[in-house]
Structure formats: structure tokens, C-alpha cells
Amino acid sequence: MDMPEIVANLNAPGRRPVFMRLRAKVEVSRAEDIPVLQAAMPRLLDLFQVYLREMRPEEMRGSIGTQRLREELMLRANLAAPPARITDILFTEILVQ
């Protein structure tokens, strides 16, 4: 299932703001979980935004940063939409600017 595009300002020191644009797909274990996930989308977006706003730009460097982001977003997605089971977050675009 496609997630709406998320744009968040990261926790960057200094006066110049740093933004992240994120596009992703959420993979669920069963087709019946999609309506549950759609109903929970406002909560899911809120949890994602709050997490992204606390990230520092240097935390996104390299594949380890991307994998950590995936794990954290999956954890939050599963908290936001029980009993739906999110099995993966697939990034279609990550832009840090």
C-alpha cells in the first residue's frame, strides 16, 4: 500500500534547516489488513513525522542509516494499526536536503 509523501524537518544544529522527503510503500501480511491500515493512516503519519523530526541528518548516512529508519518506521507502523501486521517498509524515495 502506498503511503502519502512525508516532508519533515530534521533535528539539525545551526540556523539552516534540513528537510527530508520520504515516499514509501507499506507491505502487509494479509489483504484484509489494508482497510485497517488506511483507517489508521492519520496516526501512522503522526508517528512517522514525530520520529523524523527527532532524527539528525548524519543518522541517515549509508545503508545502516536507511536500515535503522526502516526498522523504526516498521515498529511505529505496527503500533499504530493493530491488529494489522506490517511486514516491511519499502522506500521509493528518500531525499535529505
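What comes next is a walk through the structure. (Residues numbered from 1 in each chain as written. Predicted model: local features only at pLDDT ≥ 70, side-chain atom pairs only at ≥ 80, totals over all residues. Heavy atoms only, no water.)

As for the environment of Leu45
For clarity, the cut-off: For the purposes of this entry, the term helix denotes a DSSP run of H or I that reaches at least four residues, the term strand denotes a run of E that reaches at least two, and both are numbered from the N terminus. Any two residues whose heavy atoms approach within 4.5 Å at even a single point are treated as in contact.
Here Leu45 is to be found in helix H2 (residues 41–54). Along the chain, Leu45 and Phe19 lie 26 residues apart, while their C-alpha atoms are 16 Å from each other. Once you skip the residues sitting within four places of it in the chain, Leu45 turns out to touch Met3, Pro4 and Ile6.

Description of the pairing of strand S1 (residues 6–9)
Using the following cut-off: Per-residue accessibility, obtained with a 1.4 Å probe over protein chains only, is compared with the maximum for each type, and a residue is labelled buried under 20%, exposed over 50%, and partly exposed between these values. One bridge is not enough; two strands pair if DSSP finds at least two bridges between them.
Only one face of S1 is covered, namely the face carrying Ile6 and Ala8; the face carrying Val7 and Asn9 is uncovered. Both S1 and strand S2 (residues 19–28) contribute to a ladder of four bridges, which runs antiparallel. Residue pairing for S2: Ile6 is matched across the bridge by Leu22.

Overview of the nonpolar core
Here is the rule: We define a nonpolar core as any set of buried Ala, Val, Leu, Ile, Met, Phe, Trp, Tyr and Cys residues linked to one another through side-chain atoms lying within 4.5 Å.
Within the largest apolar cluster, 30 residues are counted, with the highest numbers of intra-cluster contacts made by Leu44, Phe48, Leu52, Leu69, Leu73, Ile86 and Ile89. Among the elements of the structure, S1, S2, H2, helix H3 (62–80) and strand S3 (86–96) are those that each provide at least two residues to this core. If we skip the residues at most four places from it in the chain, Leu52 touches Ile6, Ala8, Asn9, Leu10, Met20, Leu22 and Leu69.

So, the environment of Met74
Its location among the elements puts Met74 in helix H3. C-alpha separation for the pair Met74 and Asp88, spaced 14 residues apart in sequence, amounts to 6.5 Å. Other than its neighbours up to four places away in sequence, Met74 contacts Ile86, Thr87, Asp88 and Ile89.

Observations regarding the pattern of salt bridges
Test applied: Put simply, a salt bridge is a Lys or Arg side-chain nitrogen that is within 4 Å of an Asp or Glu carboxyl oxygen.
Throughout the structure, instances matching the rule amount to 11 salt bridges. The partner of Glu58 in a salt bridge is Arg56, and the shortest N-O contact between them spans 3.2 Å. Its salt-bridge partner being Arg70, residue Asp88 comes within 4.0 Å of it at the nearest N-O pair. Of this pair, Asp88 sits in strand S3 while Arg70 sits in helix H3, placing them 18 residues apart in sequence. A single network of salt bridges, built from pairs that share partners, joins Glu5, Arg21, Arg23 and Glu93.

That is the geometry; function is a separate question.
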